[in-house]
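# Observations on the three-dimensional arrangement
Now for the letters of each chain:
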Amino acid sequence: MELPKLQKSDRYVGLYIFDFGSAELAAGGDHVGVGFTGEEVAELLESEKYKDGKVYKIHKAWPDGWLELKGVPARTFQLEAGMFFYSLDFEIANRDFKQLVNLAVRSAPPCRAKIHLAEYSSDKYVVSLIYPAEFDDEVSSWLSEGEYRTTGAVEGGIEAVQRYYDQKPQLLERHQLFGKSAFVSRTGRELLAGVKLAVQR
């Protein structure tokens, strides 16, 4: 996979590289696009033409243009991941819920997300933070940088979200979060019109 030379490569950290492979052979050979957002990658993978594309996330970038990449399975863009903070006491769980909402007010999360406060029983409560799976690393960093702490058990991941949905605890409160982004994602014709560009931004 040959990548184009980037100017100010550090601004591409957190964005994606899409390897179109044979889907663009008619355009003159294998093709790679650098600088897609997660939402754009998800839309490309949903299309019949680009469903077999390979995706890489840019984790680090050096001034000379070198990039550290991590392959991302296509199914990741169709899934939700989450963090679940458990408590045996309603007052503690409610406090954890409010602290998480307040963190989002002080510092917007890296992506859209939802916060739930739910009850399994009179002595088991959970505060859940659920978000698109491709943002797992960014959300973990956001919680760490925001110094969000709880005192009970914690679990996370894609499977934890499915268990939460399957168990259907009683929802007590909810809050929708809207993420911050340095880039506006393109959709539909605007996105498809630019796929032949080696550098998307």
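Remember, predicted model here, so these are calculated numbers, not experimental data. (Residues numbered from 1 in each chain as written. Predicted model: local features only at pLDDT ≥ 70, side-chain atom pairs only at ≥ 80, totals over all residues. Heavy atoms only, no water.)

All right, on to the packing of aromatic side chains then. Under the definition given, this model contains 10 aromatic pairs. Judged by centre distance (6.1 Å) and plane angle (65°), the ring pair of Phe20 and Phe36 falls under edge-to-face. In this pair, Phe20 is assigned in strand E1 (residues 16-21) and Phe36 in strand E2 (residues 31-36), connecting sequence segments 16 residues apart. Relative accessible area serves as the criterion here: at 4%, Phe20 is assigned to the buried category. (Phe/Tyr/Trp six-rings, centres within 6.5 Å; stacked < 30°, edge-to-face > 60°. Helix = DSSP H or I, 4+ residues; strand = E, 2+ residues; numbered from the N terminus. Buried < 20%, exposed > 50% of the residue type's maximum accessible area, 1.4 Å probe, protein only.)

Attention now goes to helix H4 (residues 158-167). Among the residues of H4, Ala160, Val161 and Tyr164 are the ones counted as buried. What you see down the axis of H4 is that its buried residues fit within an arc of 105°, all on one side. Turned more than 90 degrees from where H4 packs its buried face, Glu159 and Asp166 sit exposed. Lining the buried residues of H4 we find strand E5 (80-87), strand E6 (113-121), strand E7 (124-132), strand E8 (154-156) and strand E9 (170-177). (Arc of directions from axis to C-beta. Contact = heavy atoms within 4.5 Å.)

Our focus in this paragraph is the pairing of E2. Among the six residues that make up E2, six are buried, leaving the element largely enclosed by the rest of the structure. Note that E1 and E2 share five bridges and pair antiparallel. Bridge pairing in E2 places Gly21 opposite His31. (Pairing = 2+ DSSP bridges.)

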